[in-house]
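Structural overview
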Amino acid sequence: MADSEALPSLAGDPVAVEALLRAVFGVVVDEAIQKGTSVSQKCHYSIQKGAAFLGLGTDSVRVVKADERGKMVPEDLERQIGMAEAEGAVPFLVSATSGTTVLGAFDPLEAIADVCQRHGLWLHVDAAWGGSVLLSQTHRHLLDGIQRADSVAWNPHKLLAAGLQCSALLLQDTSNLLKRCHGSQASYLFQQDKFYDVALDTGDKVVQCGRRVDCLKLWLMWKAQGDQGLERRIDQAFVLARYLVEEMKKREGFELVMEPEFVNVCFWFVPPSLRGKQESPDYQERLSKVAPVLKERMVKEGSMMIGYQPHGTRGNFFRVVVANSALTCADMDFLLNELERLGQDL
């Protein structure tokens, strides 16, 4: 979440950490809380960071298996909870993901929520990347079950392209939880005897106090575009991603990592020297070196920029995220043509 960067001050104060966690989760911080958070193998690195900042330590985070598409496996979540409890730990939070960074995977939220309900665990959904899909009637099924989450993180500055930064933390709780967790009741700033409703003073609810009015960016864009305008933006991104995938299938030298369900299109460009040599013992090693070379060439020529990364046992592959509402099919064609041109001598 966007505010986690301001939490290190709690790390050296176990009393403050205990008070915070008791207020939020009703647990006490002691040796039993170790390994108290569950996340998938493909979750965002901020989960580990948050555990460190809170003073829980990164060892308190248990990694749950993900399937071949990068989705959390609910059966392994259940197993991890059982193992933690058998070790004397107190699991208290599960962090699922709707739209992972690389593969664009959506965890099965209904099944995960069932597990959390059985064990009385707080369910947080990191929907920073994929949360905007809820605005699409066609694709919102990818987030089925998100209504059962206790908290959701959403970044409209990502897929909706609101001005950076624009982040939201959505809570089921209606008891003014953020103020109970973060509020310091500083009387020189947050006087309680003002002539207007002091609930409007939101500064005491957040970690950093002074901040920009991020929600204004989203409100203005929503007023300008309307529900249908934002929905068209989301749907068009899916259409372009599908167009790119189908065009890749028509060309030699492009190999999909998997069929995408979101707008993350992951693929290898296989240069002429490696085509038909998949059985060679050094094929994967040589293929992994292609993306860094092509990235250097495209950047130096100033033609485009595409990210690449390894992922698990997979060597470096390209990841095109089709999120810019100004993109067209012609841009997708240019991307493929340019990769072919830049890699023709490899």
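Along each chain, residues carry numbers from 1 onward, in the same order as the chain's sequence is written. Local features in this predicted model are restricted to residues of pLDDT 70 or higher, and side-chain atom pairs are both shown and tallied only at a pLDDT of 80 or more, whereas totals for entire chains, interfaces and linings draw on every residue. Side-chain measures here rest on the full set of heavy atoms in the structure, leaving out hydrogens and waters.

Going along the chain from the N terminus, every DSSP run of H or I of four or more residues is numbered as a helix, and every run of E of two or more is numbered as a strand. Counting its regular elements, the protein contains 9 helices and 10 strands. Burial statistics for the protein: of 346 residues in total, 46% are counted as buried. A sequence separation of at least 24 residues applies to 63% of the contacts in the protein between residues at least 6 apart. Computed with a 1.4 Å probe, the accessible areas rest on the Shrake-Rupley method; for each residue, only the protein chains presented here act as cover. As displayed, the protein has an accessible area near 17500 Å², and 54% of this comes from carbon and sulfur atoms. Only protein chains enter the calculation, and the probe is 1.4 Å; a residue is then buried if its accessible area is under 20% of its type maximum, exposed if over 50%, and partly exposed in between. Only heavy atoms enter the contact rule, under which two residues are in contact if any of them lie within 4.5 Å.

This brings us to the sheet that holds strand E9 (residues 307-311). Across the sheet, 4 strands lie side by side as E7-E8-E10-E9; this open sheet has antiparallel pairing. Strand pairing shows two members of the sheet lacking a second neighbour, strand E7 (254-256) and E9, which therefore form its edges. Neighbour-to-neighbour, the strand axes of this sheet turn through a mean angle of 45°, independent of strand direction. Pairing of E9 with strand E10 (residues 314-321), which is carried by 4 bridges, proceeds in the antiparallel orientation. In the sheet register, Gln309 faces E10, and the bridge partner there is Phe317. Along the sheet face, helix H8 (residues 290-301) touches strand E8 (264-269), E9 and E10 and points at about 40° away from the line of E10. Of the strands in this sheet, E7, E8 and E10 touch helix H9 (residues 329-342), which is tilted by about 20° from E8. Two strands pair if DSSP finds at least two bridges between them. What counts as an axis is a line fitted to C-alpha atoms, over the stretch in contact for a helix, and the angles between N-to-C directions run from 0 to 180 degrees.

Before going further, it helps to examine the environment of Ser151. Along the chain, Ser151 turns up in strand E5 (residues 151-154). For the pair Ser151 and Asp173, spaced 22 residues apart in the sequence, the C-alpha separation amounts to 8.3 Å. With residues near it in sequence (within four places) discarded, Ser151 still touches Trp122, Leu123, His124, Val125, Leu169, Leu170 and Leu171. Side-chain atoms alone can form a polar contact between residues adjacent in sequence; in general such a contact is a pair of N or O atoms within 3.5 Å, and within protein one must be able to donate a hydrogen while the other accepts it. Within the local environment of Ser151, its side chain forms a polar contact with the side chain of Trp122, the two groups lying 2.9 Å apart.

Turning our eyes to something else, we now look at the UniProt feature "modified residue: N6-(pyridoxal phosphate)lysine" (unreviewed entry) in the protein. UniProt positions are given in the numbering used here, feature names are shortened, and annotations may be inferred rather than shown by experiment. Within the UniProt annotation, "modified residue: N6-(pyridoxal phosphate)lysine" (unreviewed entry) is assigned to Lys158. What makes Lys158 partly exposed here is its relative accessible area of 33%. Once you skip the residues sitting within four places of it in the chain, Lys158 turns out to touch Ala128 and Trp129.

This paragraph deals with H9. Expected helix span is computed as 1.5 Å times (number of residues minus one). For H9, built from 14 residues, the straight-helix expectation of 20 Å at 1.5 Å per residue is met to within 8% by its first-to-last C-alpha distance of 20 Å. Considered for burial, the residues of H9 that qualify are Met332, Leu335, Leu336, Glu338, Leu339 and Leu342. All buried residues of H9 fall inside an arc of 160° around its axis, so they share one side. Tucked into the core, H9 has its buried residues touching helix H6 (214-249), E7, E8, H8 and E10. For this quantity, the arc is that covered by the directions from the helix axis to the C-beta atoms.

Here Glu78 lies in helix H3 (residues 74-86). Linking Glu78 and Val115, residues 37 residues apart in sequence, is a C-alpha distance of 6.6 Å. Every residue in contact with Glu78, bar those within four places of it in the chain, is listed here: Val115, Arg118 and His119.

What follows is about the packing of aromatic side chains. Note on ring pairs: Phe, Tyr and Trp rings are taken, using the six-membered ring of Trp, and paired if centres are within 6.5 Å. Classes follow the plane angle, with under 30 degrees stacked, over 60 edge-to-face and the rest tilted. Under the defined criterion, the tally for this structure stands at 8 aromatic pairs. Taking the centre distance of 5.1 Å and the plane angle of 75° together, the rings of Phe106 and Phe262 count as edge-to-face. Residue Phe106 is found in the loop between strand E3 (93-97) and helix H4 (109-119), and its partner Phe262 is found in the loop between E7 and E8; the two are separated by 156 residues along the sequence. With a relative accessible area of 2%, Phe106 lands in the buried category. The buried category is assigned to Phe262, whose relative accessible area is 3%. Here the aromatic rings of Phe195 and Tyr196 are separated by 5.2 Å at their centres, their planes lie at 90°, and the arrangement is edge-to-face.

What follows deals with the packing of H6 against H9. Remark: H6 packs on H9, axes separated minimally by 10 Å, with the N-to-C direction vectors making an angle of 35°. The two elements H6 and H9 cross, and the hand of that crossing is right-handed. Facing Leu240, Tyr243, Leu244, Glu247 and Met248 of H6, the residues of H9 in contact are Cys329, Met332, Asp333, Leu335 and Leu336. The class makeup of the residues in the contact of H6 with H9 is 8 nonpolar, no polar and 2 charged. Should the near helix be turned counterclockwise from the far one by less than a right angle, the crossing is left-handed, whereas a clockwise turn marks it as right-handed. Polar here means any residue outside two lists: the nonpolar Ala, Val, Leu, Ile, Met, Phe, Trp, Tyr, Cys and Pro, and the charged Asp, Glu, Lys and Arg; Gly therefore counts as polar.

This part is about the pattern of salt bridges. Opposite charge on two side chains lets them pair, provided their charged atoms get close. By definition, a salt bridge exists where a carboxyl oxygen of Asp or Glu is found within 4 Å of a side-chain nitrogen of Lys or Arg. Applying the stated criterion across every chain, the model contains 19 salt bridges. Put simply, Glu247 and Lys250 hold a salt bridge, and the shortest N to O gap is 2.9 Å. In this structure Glu247 comes out as buried when scored by relative accessible area, which is 14%. Measuring nitrogen to oxygen at the nearest pair gives 3.0 Å for the salt bridge that ties Arg251 to Glu340. Of the two residues, Arg251 sits in the loop between H6 and E7 while Glu340 sits in helix H9, which places them 89 residues apart along the sequence. Bridged by salt links that share partners, the residues Arg242, Glu246, Lys249 and Glu259 form one connected network.

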